[in-house]
Amino acid sequence: GPGLAERGPLVVVPTGGGGDGYPVMDAFLAMMESSGRPLPFRSILITGPFMPKKQRSDVYRRAKAVGVKTFHFYRQMEKILAAADLVVSMGGYNTLCEILSQKAVPLIIPREDPRKEQLIRAERFHAHGIAEYIPWHRLSPEVLREKVLFLLNQPASFKAAVAAFPMTGLAVMRERLDRFRCCQ
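> Sorry if this is basic, but what is going on with the pairing of strand β1 (residues 10-14) here?
Residues in a regular strand project their side chains so that they alternate between the two faces of the sheet. Of all 5 residues in β1, 5 are buried, a share of seventy percent or more. Here β1 shows a buried face lined by L10, V12 and P14 and a second buried face lined by V11 and V13. Pairing of β1 with strand β2 (residues 42-46) involves 5 bridges; the strand directions are parallel. Residue pairing for β2: V11 is matched across the bridge by S43. Crossover handedness for the path β1 to helix α1 (residues 22-33) to β2: right-handed.

Here it is in structure tokens:
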């Protein structure tokens with residue numbers, strides 16, 4: 001795949017559909033821009049199909065300037081997540097399920113508006129050691145750089161927790177469907 005065979009850790013930044021993911025990409029690009037020297041990892045940004053065009057062209061222009069690959073959409077999301085050493089994303093349910101099913105380490109930046117659902121999810125995942133998170137109001141290029149570098153340098157405990165995380169959703173669904181069928 002594009003850029004997956006190159007050397008060095010890979011940080012992937014997906015925004016799900018992309019409708020509200022711009023602030024995360026903006027902070028990530030600001031981190032790259034303000035770094036002064038190249039950071040010791042490769043990055044791939046995936047804007048998602050619903051990011052407004054103006055925001056998307058801003059992301060593309062800035063990413064190109066700092067040598068970061070961007071995709072509008074990535075057909076084999078599971079492949080790119082499996083190749084990632086770290087995934088920086090918001091705390092949407094589907095995105096986090098995808099990240100964990102590929103055993104990748106998540107750094108979550110949970111949206112807190114209009115509901116606290118993403119924040120609660122990030123806090124619970126963090127309590128179980130399977131994710132790190134940055135509260136929305138603390139998101140800055142500096143905090144992001146600190147967390148990204150920490151997770152890339154010390155991934156062992158997170159990787160172990162993610163690897164041990166029981167992905168039992170399918171079994172639970174089967175069990176519920178069987179129960180549902182038996183009672184018809």
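Now that the structure has been shown, we can carry on.
> Sorry if this is basic, but what is going on with the sheet that holds strand β6 (residues 132-133) here?
Within a sheet, neighbouring strands are paired by backbone hydrogen bonds and run either parallel or antiparallel to one another. Strand order in the open sheet made by the 6 strands is β3-β2-β1-β4-β5-β6, with parallel pairing throughout. Sheet topology places β3 (69-71) and β6 at the edges, where each strand pairs with a single neighbour. Across 3 bridges, β2 lies against β3 in parallel orientation. Bridge pairing in β3 links I46 to F71.

> Would you explain unusual backbone geometry in this entry?
Peptide bonds are mostly trans, and most non-glycine residues show a negative phi. With omega at -5°, the peptide bond leading from D113 into P114 counts as cis. On the secondary structure map, P114 appears in the loop between β5 (106-108) and α5 (117-127). Unusually for a residue other than glycine, K103 sits at a positive phi of about 60°. Structurally, K103 is set in the loop between α4 (93-101) and β5.

The rules behind each value
Residues numbered from 1 in each chain as written. Predicted model: local features only at pLDDT ≥ 70, side-chain atom pairs only at ≥ 80, totals over all residues. Heavy atoms only, no water. Buried < 20%, exposed > 50% of the residue type's maximum accessible area, 1.4 Å probe, protein only. Helix = DSSP H or I, 4+ residues; strand = E, 2+ residues; numbered from the N terminus. Pairing = 2+ DSSP bridges. Right-handed = clockwise from strand over helix to strand, strands pointing away.

In short, shape yes, function no, at least from these values alone.
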